[in-house]
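The lines below spell out each chain.
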Amino acid sequence: MKKLVILLVVLVFIFGCKKKTYEGYYCNYEEQGVMIVLLNQNVTASEKEEITKKINTFEGLLSYDFVDRKTLGATDTNDLYDTYFIYLNNTSILETYLLDLQNTSGIYEATKSIVKNNVSLYNFDKKNYSYQNVIEADNNIKGTYKVKKNIIEFDDSDVPTIYLKDDFLCLDENCNKILTKTNELCE
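Caption draft 1: Here's a closer look at the state of the cysteines. This model, assessed by the stated rule, comprises two disulfides. The disulfide partner of Cys27 is Cys186, and the S-S distance across this bridge is 1.5 Å. Taking the sign of the torsion about the S-S bond as the criterion, the disulfide between Cys27 and Cys186, at about -65°, is left-handed. Here Cys27 is found in strand S1 (residues 24–39), whereas its partner Cys186 is found in the segment after strand S10 (178–182), with 159 residues between them in sequence. For the pair Cys27 and Cys186, a shared accessibility class is recorded, and that class is buried. At a sulfur-sulfur separation of 1.7 Å, the disulfide partner of Cys170 is Cys175. For the residue pair Cys170 and Cys175, the accessibility class agrees, reading buried in each case. Numbered by position along the chain, the disulfide-linked cysteines of the protein chain connect as 1-4, 2-3.

As structure tokens, then:
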């Protein structure tokens, strides 16, 4: 019986005390909504004014740009349209705004897309890492890291500290910004 207890304690120690590894890619980003709105080629000034007013009421509106057909290089032989590019700081109401615009007089077509913004990408390999604050090869920091208590510390002070909480990797102590396991493109 005593040998069995000792064997169990040794097995628990060997398999239960194994350090957690975080190898692979981890990513955090914010999503931004983008809408592209093409106006009818015969849109009236009052329709355009109403569309602009509607855009200015959008919650989370970061900005919008208007580019007319002539600036886009319109000729009689191509189908270019006066265009709004609308940028929103979230995506939760993007679909509602899109449907509203699609049913507005003077609009030929409205489409949406979701883009990633403020991207942080970490790649852990044993005790080495690489870090990018945007997905661009020229913005890459490489080095070594250490796991101490509930923190991953980096050898470069430009790399934000990562906090460990309930097996999540987080960018803040309260784990409001969680890093997700991903690939090298943050997808």
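Caption draft 2: Local environment of the pattern of salt bridges. Summed over all chains, the structure comprises five salt bridges. Between Lys54 and Asp100 there is a salt bridge, with the nearest N and O atoms lying 3.2 Å from each other. Separated by 46 residues along the polypeptide, Lys54 in helix H2 (residues 45–56) and Asp100 in helix H4 (residues 94–102) bring together distant segments of the chain. Under the relative-accessibility criterion, Lys54 is labelled partly exposed at 22%. Relative accessible area serves as the criterion here: at 34%, Asp100 is assigned to the partly exposed category. For Lys112, the salt bridge goes to Glu95, with nearest N and O atoms at 3.2 Å. Separated by 17 residues along the polypeptide, Lys112 in strand S4 (residues 107–125) and Glu95 in helix H4 bring together distant segments of the chain. Within the structure, one salt-bridge network assembled from shared partners comprises Glu49, Glu50 and Lys53.

Caption draft 3: Just the pairing of strand S5 (residues 128–132), in detail. Along S5, four of the five residues are buried, which leaves the element largely enclosed by surrounding structure. Bridge count for S4 against S5 is five bridges, and the pairing is antiparallel. Looking across to S5, one finds that Phe124 is bridged to Tyr129. Turn length for the S4-S5 hairpin, with the two strands adjacent in sequence and antiparallel, is two residues, and the turn residue Lys126 shows positive phi of about 55°.

Caption draft 4: Quick peek at the pairing of strand S7 (residues 151–154). Side chains Ile152 and Phe154 of S7 all project onto a buried face; the interleaved residues Ile151 and Glu153 project onto a face where none is buried. Judged from the four bridges that link them, strand S6 (residues 140–148) and S7 form a sheet pairing that is antiparallel. Across the sheet, Lys148 pairs through a bridge with Ile151, a residue of S7.

Caption draft 5: Focus on unusual backbone geometry. In the Ramachandran plot, Lys126 falls in the positive-phi region, its phi being about 55° despite a non-glycine side chain. Along the polypeptide, Lys126 turns up in the loop between S4 and S5. Looking at Lys126, the relative accessible area reads 60%, which means it is exposed. The phi dihedral of Lys149 is positive, around 55°, even though this residue is not glycine. If you trace the backbone, Lys149 turns up in the loop between S6 and S7. Taking relative accessible area as the criterion, Lys149 reaches 82% and is therefore assigned exposed.

What counts and how
- Residues numbered from 1 in each chain as written.
- Predicted model: local features only at pLDDT ≥ 70, side-chain atom pairs only at ≥ 80, totals over all residues.
- Heavy atoms only, no water.
- Disulfide = S-S within 2.5 Å.
- Helix = DSSP H or I, 4+ residues; strand = E, 2+ residues; numbered from the N terminus.
- Buried < 20%, exposed > 50% of the residue type's maximum accessible area, 1.4 Å probe, protein only.
- Salt bridge = Lys/Arg side-chain N within 4 Å of Asp/Glu carboxyl O.
- Pairing = 2+ DSSP bridges.

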